[in-house]
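The chain contents come next:
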Amino acid sequence: MSSEQSNVGSVSTGEAARTAEVPITLRLIGIAMFSGFVGMVSMMPVLVGLPALLDLFSTAPIVRFSSFGSFLGLEPSLALGIALFVVGGTLFLPVQFLVVGAYLPPEEPRYARGVTYTLIYWIAFVMVFLPNAGALAVGVFLLVSMLYHVFYGLALGYLIDRWAEIPQHAV
């Protein structure tokens, strides 16, 4: 046996601190919810402004989104669609990100995991809300919807990583 020791499996102190398990506390949930709200505000110019500028904005997808309220016996409406959109973006998506964000790429920068997370939702969003329209409208829809999902994910990931830390769970 030689007197040399292997460094295999050893981690630096800084790396160990970054990968330590972070508990999901009420404070972290509050930060995530606020980050989700900021993300929603940051995506509004792209979500509403650009399509309105191109005369392609329609409230029909929002009303269609409100059909989720039928599980609670509520009739689809624009107000219900907006309410569900706000609740989903400030409560459900940020809290779910706290749970799954630790398992998403990229390793660094950690806040970019928010973009990975929202692009997964973007794929489902496209499958559900893709308009039955001409090539220009579909192209604008794909570009604009991807951009506002990216803006939301950047805000969500960056603010959580800056004010708290994206939890890293022991696997």
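Everything below is about the structure printed above this text.
What counts and what doesn't
- Throughout, a residue's number is its position along its own chain's written sequence, starting from 1.
- Predicted model: local features are reported for residues with pLDDT of at least 70 only, side-chain atom pairs are reported and counted for 80 or more only, and whole-chain, interface and lining totals are derived from all residues.
- Only hydrogens and water are set aside when side-chain values are computed; all heavy atoms of the structure are taken into account.
- Secondary structure counts use DSSP, requiring at least four H or I residues in a row for a helix and at least two E residues in a row for a strand, with both numbered from the N terminus.
- Note on exposure labels: buried denotes an accessible area under 20% of the residue type's maximum, exposed denotes more than 50%, and partly exposed covers the range between, all computed with a 1.4 Å probe on protein chains only.
- The contact definition used throughout considers only heavy atoms, calling two residues in contact when any of these lie within 4.5 Å.
- Each accessible area is a Shrake-Rupley result for a 1.4 Å probe, and residues are judged covered by the shown protein chains and nothing else.
- In plain words, nonpolar cores are sets of buried Ala, Val, Leu, Ile, Met, Phe, Trp, Tyr and Cys residues tied together by side-chain atoms within 4.5 Å.
- Angles run from 0 to 180 degrees between N-to-C directions of axes, and those axes are lines fitted to C-alpha atoms, restricted for helices to the stretch in contact.
- Convention used here: angles under 35 degrees read as roughly parallel, angles over 145 as roughly antiparallel, angles from 65 to 115 as roughly perpendicular, and any remaining angle as oblique.
- Should the near helix be turned counterclockwise from the far one by less than a right angle, the crossing is left-handed, whereas a clockwise turn marks it as right-handed.
- Each residue gets one label: Ala, Val, Leu, Ile, Met, Phe, Trp, Tyr, Cys and Pro are nonpolar, Asp, Glu, Lys and Arg are charged, and the others, such as Gly, are polar.
- In this charge count, Lys and Arg are treated as positive and Asp and Glu as negative; neither His nor the chain ends contribute.
- Take a side-chain nitrogen of Lys or Arg and a carboxyl oxygen of Asp or Glu: if they are within 4 Å of each other, that pair is a salt bridge.
- Two N or O atoms count as a polar contact when they lie within 3.5 Å, although within protein this holds only if one can serve as hydrogen donor and the other as acceptor, and sequence-adjacent residues are included solely when both atoms are side-chain atoms.
- Two joining distances apply to patches: 9 Å for like charges and 5 Å for nonpolar side chains (Val, Leu, Ile, Met, Phe, Trp, Tyr), and every residue must have over 30% relative accessible area and no salt bridge.

Q: Any chance you could break down the overall build of the protein for me, citing the residues and the numbers?
A: Scanning the protein for helices and strands turns up six helices and zero strands. Reading the protein from its N terminus to its C terminus gives the helix and strand order α-α-α-α-α-α. Out of the 171 residues in the protein, the part that is buried amounts to 33%. Of the contacts formed within the protein by residues at least 6 apart in sequence, a portion of 69% connects residues at least 24 apart. With the model as given, the accessible surface of the protein reaches about 10,400 Å², and the carbon-plus-sulfur share is 70%.

Q: With reference to specific residues and values, describe the nonpolar core.
A: Within the largest apolar cluster, 24 residues are counted, with the highest numbers of intra-cluster contacts made by F97, Y148, L156 and I160. Those elements that place two or more of their residues in this core are α2 (26-53), α4 (78-100), α5 (113-129) and α6 (135-163). Not counting the four nearest positions on each side in its chain, F97 is found in contact with L104, R113, G114, Y117, L156, G157, I160 and I166.

Q: How would you summarise the packing of α2 against α6 if you had to cite specific residues and measurements?
A: The description of two helices packed together rests on the angle between their axes and the distance between the axes. Two elements in contact, α2 and α6, have axes whose closest approach is 8 Å; the angle formed by their N-to-C orientations is 155 degrees. In terms of axis orientation, α2 runs roughly antiparallel to α6. For the pair α2 and α6, the crossing hand works out as right-handed. A breakdown of the residues in the contact of α2 with α6 according to their chemical character gives 21 nonpolar, four polar and one charged.

Q: Describe the environment of V150, with residues and values.
A: Among the secondary structure elements, V150 is positioned in helix α6. For V150 and M43, which are 107 residues apart along the polypeptide, the C-alpha to C-alpha distance reads 8.5 Å. Excluding anything up to four places from it in sequence, V150 contacts V115, T118 and L119.

Q: Describe unusual backbone geometry, with residues and values.
A: The linkage connecting P105 with the following residue, P106, adopts the cis geometry, with an omega of -5 degrees. Mapped onto the elements of the fold, P106 is located in the loop between α4 and α5. For the peptide bond that leads from E108 to P109, omega is -10 degrees, which places it in the cis range. Following the sequence through the fold, P109 ends up in the loop between α4 and α5.

Q: An account of the side chain of R113 is needed here, citing residue identities and associated values.
A: Structurally, R113 can be placed in helix α5. It turns out R113 is buried and unbridged, and the closest side chain with the opposite charge, E108, is 6.0 Å from it. Among the polar contacts made by the side chain of R113, one reaches the main-chain carbonyl oxygen of G101 at a distance of 3.4 Å. There is a polar contact of 3.4 Å between the side chain of R113 and the backbone oxygen of A102.

Q: An account of a nonpolar patch on the surface is needed here, citing residue identities and associated values.
A: Taken together, M33, V87, L91 and F92 make up a surface patch of nonpolar side chains, about 320 Å² in accessible area. If you tally residues by element for the nonpolar patch, the top one is α4, at three residues. Secondary-structure assignment places L91 in helix α4. For L91, a relative accessible area of 32% puts it in the partly exposed group.

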